[in-house]
Amino acid sequence: MPPGPPGGREREILTAIVETFIASGEPVGSRTIARASREGLSPATIRNVMADLADAGYLEQPHTSAGRVPTAEAYRYYVEQLSGETHLSHENQSIIQDTLTGVTDVAEFMERTSHVLSLISHGVGVTVASTGPRNALEHVYFSRLSDQKVLAVVVTRSGVVRDRVLRLDIPQADLDLASRYLNDNFRGWTMEDMRAELARRIETERGEYQALMKSIERLYQQGALASNEGTDVVFVEGAANLVTGEEDRQRLQDMLRTLEEKEKVVKLLGAYLDTRQEAVRVVIGLDEALPSMQNFVLIGAPARVGGEVRGSLAVIGPTRLDYQHTMSAVSYIARLFDKLLNESE
């Protein structure tokens, strides 16, 4: 990475070019910058500075007759100047709070977050809800839907809710006994430990609780307590936002295919978001993790509750993105995640 522009004038002009290009999407000429120059610089002076910035790797010229556009290095420099100076408008704070306030379920929070991030940033909202060490049982519920159909609902302490329809015929009274037994005996147990202990009890306590253990055994065998241990719940919203702004159709198709593959999304966020980081991270150029994501940007942060990482949230978009606005939104939601989920526990 080249060093930052050496002088104040160069830095001011580069910042103006980046912000003008983000706003307009059109190559920026010296006359445009001259009209907005606080120093009253002439177009000729600005052209000379732009030539120096191009030689230093900060600007490029898409066509010989056009103005200049920022390179990835220009965006990196620009983002560094924004660190610690981002603020979210009251309007967007209200949109986010209206969307997320009252949510106590981690997976639902992440699903809504992917939507509101795509709405506010005009990029792709991406969230991952982890189901790691806190994948402990909070509550289980069984309901007889009809003959040969039972609904099993498992809620974990990480806030993930999973439901399955099982092909079983068990009276509702027996289902209530089974759910009461599991909730009374296993609330707070990890799913793996609970299943191991249940297998033991089904054998050792069969005589004492014959009917109850028979119902639990049938539910257990049909996968009522399966939890997809070790998986992550992924939400992606707003891919259509990229369709309108991307002229390279093949590159767009490759990128959309990547976003459709959930394990690649998890890999992408895992590669660039450090669980130890406190601030929002901005990564420009994602091709080191996934070649199809070259020239795209990730703005993201871990999602914590009381210092414990429960997932991650991010926006993926083109390099011509409103960085300040998007960084503010990601930071605000990450803090709100901690506040709301702490209050619910």
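Preceding block: the structure.
First, a word on what this report is: a plain description of the structure on this page.

Looking at the overall build of the protein
The secondary structure content of the protein amounts to 13 helices and 10 strands. Taken over 345 residues, the protein has a buried fraction of 46%. Partitioning the contacts of the protein with sequence separation of at least 6, the portion at a separation of at least 24 is 62%. Accessible area of the protein: about 17000 Å², with a carbon and sulfur share of 46%.

Details of the nonpolar core
Residues I13, I96 and Y323 are the most contacted members of the largest nonpolar core, which totals 57 residues. By residue number, the principal contributor to this core is helix α13 (residues 323-344), which donates 11 residues.

Let's talk about helix α9 (residues 210-221)
Taking 1.5 Å as the rise per residue, α9 with 12 residues should run 16 Å; its terminal C-alpha atoms sit 16 Å apart, in good agreement. When α9 is considered as a whole, its buried residues turn out to be L212, M213, S215, I216, E217 and L219. Buried-residue contacts for α9 involve β4 (137-146), β5 (149-156), β6 (161-166), α7 (172-186) and α8 (191-204). Positive backbone phi, at 90°, marks G223, one or two positions downstream of α9.

Topic: the side chain of R304
As for its placement among the helices and strands, R304 is situated in strand β9 (residues 296-305). Among residues more than four places away in sequence, those in contact with R304 are T275, R276, Q277, E278, V309, R310, F337 and D338.

Points about the side chain of N92
Mapped onto the elements of the fold, N92 is located in helix α5 (residues 90-100). In terms of polar contacts, N92 uses its side chain to reach the side chain of H325, at 3.3 Å. Sequence-distant contacts of N92, defined by excluding residues within four places in its chain, comprise I120 and H325.

Here we look at the packing of α7 against α8
Where α7 contacts α8, the two axes come as close as 12 Å, and the packing angle between them is 120°. Regarding the angle of α7 to α8, the classification is oblique. Like other packed secondary-structure pairs, α7 and α8 cross with a definite hand, here right-handed. Between α7 and α8, the residues in contact are Y181, L182, N185 and F186 and M194, E197, L198 and R201, respectively.

Here's the deal with the sheet that holds β5
Judged by pairing direction, the sheet is antiparallel, and its 3 strands sit side by side in the order β4-β5-β6 without closing on themselves. The sheet is open, and its two borders are formed by β4 and β6, each paired with just one other strand. With direction set aside, neighbouring strand axes in the sheet form an average angle of 15°. Of the strands in this sheet, β4 and β5 are in contact with α7, which crosses β4 at around 175°.

Some remarks on the packing of aromatic side chains
Inspection of the entire model under this criterion finds 6 aromatic pairs. Arranged with centres 6.4 Å apart and planes meeting at 75°, the rings of Y58 and Y77 form a pair that is edge-to-face. Remark: Y77 occurs in helix α4 (residues 72-82) and Y58 occurs in the loop between α3 (43-55) and β1 (59-60); sequence separation between them is 19 residues. For Y77, a relative accessible area of 7% gives the class buried. Ring centres 4.9 Å apart and planes at 80° place the aromatic pair F109 and F337 in the edge-to-face group. Linking F109 in helix α6 (residues 106-121) with F337 in helix α13, this pair joins segments that are 228 residues apart in sequence. Look at F109 and you get buried, because its relative accessible area is 0%. Judged by relative accessible area, F337 falls into the buried class, the value being 0%.

So, the packing of α5 against α6
Where α5 contacts α6, the axes come no closer than 10 Å and their chain directions differ by 155°. If you check the angle between α5 and α6, you find them roughly antiparallel. The two elements α5 and α6 meet at a crossing, and its hand is right-handed. On α6, the residues touching N92, I95, I96, T99 and L100 of α5 are F109, R112, T113, V116, L119 and I120. Broken down by class, the residue content of the contact of α5 with α6 amounts to 7 nonpolar, 3 polar and 1 charged.

Cut-off values and rules
Residues numbered from 1 in each chain as written. Predicted model: local features only at pLDDT ≥ 70, side-chain atom pairs only at ≥ 80, totals over all residues. Heavy atoms only, no water. Helix = DSSP H or I, 4+ residues; strand = E, 2+ residues; numbered from the N terminus. Buried < 20%, exposed > 50% of the residue type's maximum accessible area, 1.4 Å probe, protein only. Contact = heavy atoms within 4.5 Å. Areas by Shrake-Rupley, 256 points an atom, 1.4 Å probe, with all protein chains shown as cover. Core = buried A, V, L, I, M, F, W, Y, C linked by side-chain atoms within 4.5 Å. Expected span 1.5 Å × (residues − 1). Polar contact = N/O pair within 3.5 Å; in protein donor to acceptor, adjacent residues only side chain to side chain. Axes fitted to C-alpha atoms, helices over the stretch in contact; angles between N-to-C directions. Parallel < 35°, antiparallel > 145°, perpendicular 65-115°, else oblique. Left-handed = near helix turned anticlockwise from the far one by under 90°. Pairing = 2+ DSSP bridges. Phe/Tyr/Trp six-rings, centres within 6.5 Å; stacked < 30°, edge-to-face > 60°. Nonpolar A, V, L, I, M, F, W, Y, C, P; charged D, E, K, R; others polar.

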